[in-house]
Amino acid sequence: MASRRIRDALATGEPILSFEFFPAKTDAGERTLWRAIRELESLQPDFVSVTYGAGGSGRERTLSVTERIATETTLLPLGHLTAVDHSIADLRRIIGAFGGAGVMNVLALRGDPPGDPQGAWVQHPEGLQHASELVELLRASGDFCVGVAAAPGGHPRSPDLETDARHLVNKFRAGADYAITQMFFRAEDYLELRDRVVALGCDAPIIPEIMPVTSLPQIERFAELAGTELPVDLVERLHAVADDPAAVRAVGLDAAVALSERMLAEGAPGLHLITLNRSETVREIWDRLDLSAVKTAA
């Protein structure tokens, strides 16, 4: 399974469906993570991704989980790799470890600064400055299928949306096969980004990442860290039921389903669902969208 490439699934023209996990920091968290992986494995997603920690932290845990998915499950893993705080020698070692485990799908990210994700970005003295350089390094290191990040609504470090779109196109021209967005909550942000990229002469697939809201403080913190603006109407609906966790989850689930439906209707190449290492919410989204039927039709 690990030898497959995500670009092959994208080339079919049918929507692809995937999940995102993060490496656990404790034994209990590890058990929760693997329970979610096993419970979602039966849905047969096209791939699953394993994130890095902030500032490039947790890379050994990321490698361990990604390699274990490749060798112990039927799932196709996508490993995350960030340039931040890594020398080129470090990056080559990690790339070699991925390849050695049969993990040939990698998401190439510049990454946030360690300690303060919104702080000044400083290049490692023996490292890389741009994600496009990491794309080039991966493509020169073997037959890797390379994904990159996209930011609907604009990356917080970009001076404007046009510049942000040009940076994304540069990553595609460096050899990236596709992009996965950061989480977003307005369909128009995704659609306008796609239009800007097309206007620059690039039609590479951009997969929307969907974040189901299950906790109001959590999503407000995540949105601040990602530089993502929450829609006023969604915030109002969440605050109206803030004292009822079950109602907050229901509002968040409805919003995620509605956004997912809009993305598929608008011709997005698929959906990348954030699990937060739990299976229940994404399984509900899967069932409400009848994604098993989408995969069967594909």
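Placed above this text is the structure.
None of the values given here were measured: they were computed from a predicted structure.

Caption draft 1: Here's a closer look at unusual backbone geometry. Here D85, not a glycine, exhibits a phi torsion of approximately 65°, which is positive. Within the secondary structure, D85 sits in the loop between β3 (77-82) and α4 (88-100). Of note in the backbone geometry, N277 takes a positive phi value of approximately 65° without being a glycine. With respect to the helices and strands, the residue N277 is situated in the loop between β8 (270-274) and α11 (280-289). We classify N277 as buried; its relative accessible area is 4%.

Caption draft 2: Summary view of the sheet that holds β3. The strand order around the closed barrel formed by eight strands is β1-β2-β3-β4-β5-β6-β7-β8, and the pairing between neighbours is parallel. For this sheet the average axis-to-axis angle between neighbouring strands, irrespective of direction, equals 30°. Two elements, β3 and strand β4 (residues 105-109), share four bridges in a ladder whose sense is parallel. Directly across from G79, in β4, lies its bridge partner V106. Here helix α5 (residues 131-140) sits on the sheet and contacts β3, β4 and β5 (145-150); the angle it forms with β4, its principal contact strand, is near 155°.

Caption draft 3: Quick peek at α5. A131, S132, L134, V135, L137 and L138 are the residues of α5 that are buried. Contact partners of the buried residues in α5: β3, α4, β4, β5 and α6 (161-173). Of the residues trailing α5, G142 is marked for its positive phi of about 150°.

Caption draft 4: Representation of the packing of helix α7 (residues 187-199) against helix α10 (residues 245-265). Interhelical geometry of α7 versus α10 gives an angle of 25° and a closest axis separation of 10 Å. As judged from the angle between their axes, α7 and α10 are roughly parallel. Pair α7 / α10 crosses with right-handed handedness. Across from A187, E188, Y190 and L191 in α7, the residues of α10 making contact are L259, R262 and M263. Residue classes in the contact of α7 with α10 are distributed as five nonpolar, no polar and two charged.

Caption draft 5: Seen up close, the side chain of N277. From its side chain, N277 meets the backbone oxygen of F22 in a polar contact 2.8 Å long. Setting aside residues up to four positions removed in sequence, N277 forms contacts with F21, F22, T32, L33 and A36.

Caption draft 6: Inspection of the pattern of salt bridges at higher detail. For the structure on display, the rule yields twelve salt bridges. The partner of R186 in a salt bridge is E229, with the nearest N and O atoms 3.9 Å apart. Here R186 is found in the loop between β6 (178-183) and α7, whereas its partner E229 is found in the loop between α8 (216-226) and α9 (232-240), with 43 residues between them in sequence. Since its relative accessible area comes to 28%, R186 is described here as partly exposed. With its nearest N and O atoms 3.3 Å apart, the salt bridge here joins R262 to E188. Of this pair, R262 sits in helix α10 while E188 sits in helix α7, and the two are 74 residues apart along the sequence. Of the residues examined, E188 reaches a relative accessible area of 38% and is grouped as partly exposed. Residues participating in the shared-partner salt-bridge network are R5, R7, R139, D143 and D177.

Caption draft 7: Looking closely at the pairing of strand β1 (residues 16-21). Of all six residues in β1, six are buried, a share of seventy percent or more. Side chains of β1 alternate between two faces, with I16, S18 and E20 and L17, F19 and F21 buried alike. For β1 and strand β2 (residues 47-50), the ladder comprises four bridges, and the chain directions are parallel. Bridge pairing in β2 links F19 to V48.

Caption draft 8: The environment of W34, seen in detail. For W34, the position within the fold is in helix α2 (residues 27-41). Sequence-wise, W34 and V197 are 163 residues apart; in three dimensions their C-alpha atoms are separated by 37 Å.

Caption draft 9: View of the packing of aromatic side chains. In the structure shown here, the tally under the stated rule is two aromatic pairs. Residues F19 and W286 carry aromatic rings whose centres are separated by 5.7 Å and whose planes lie at 50° to one another, so their mutual orientation is tilted. With a gap of 267 residues between them, F19 in strand β1 and W286 in helix α11 connect regions that are remote in the sequence. With respect to burial, F19 and W286 carry one shared label: buried.

What counts as what
Residues numbered from 1 in each chain as written. Predicted model: local features only at pLDDT ≥ 70, side-chain atom pairs only at ≥ 80, totals over all residues. Heavy atoms only, no water. Helix = DSSP H or I, 4+ residues; strand = E, 2+ residues; numbered from the N terminus. Buried < 20%, exposed > 50% of the residue type's maximum accessible area, 1.4 Å probe, protein only. Pairing = 2+ DSSP bridges. Axes fitted to C-alpha atoms, helices over the stretch in contact; angles between N-to-C directions. Contact = heavy atoms within 4.5 Å. Parallel < 35°, antiparallel > 145°, perpendicular 65-115°, else oblique. Left-handed = near helix turned anticlockwise from the far one by under 90°. Nonpolar A, V, L, I, M, F, W, Y, C, P; charged D, E, K, R; others polar. Polar contact = N/O pair within 3.5 Å; in protein donor to acceptor, adjacent residues only side chain to side chain. Salt bridge = Lys/Arg side-chain N within 4 Å of Asp/Glu carboxyl O. Phe/Tyr/Trp six-rings, centres within 6.5 Å; stacked < 30°, edge-to-face > 60°.

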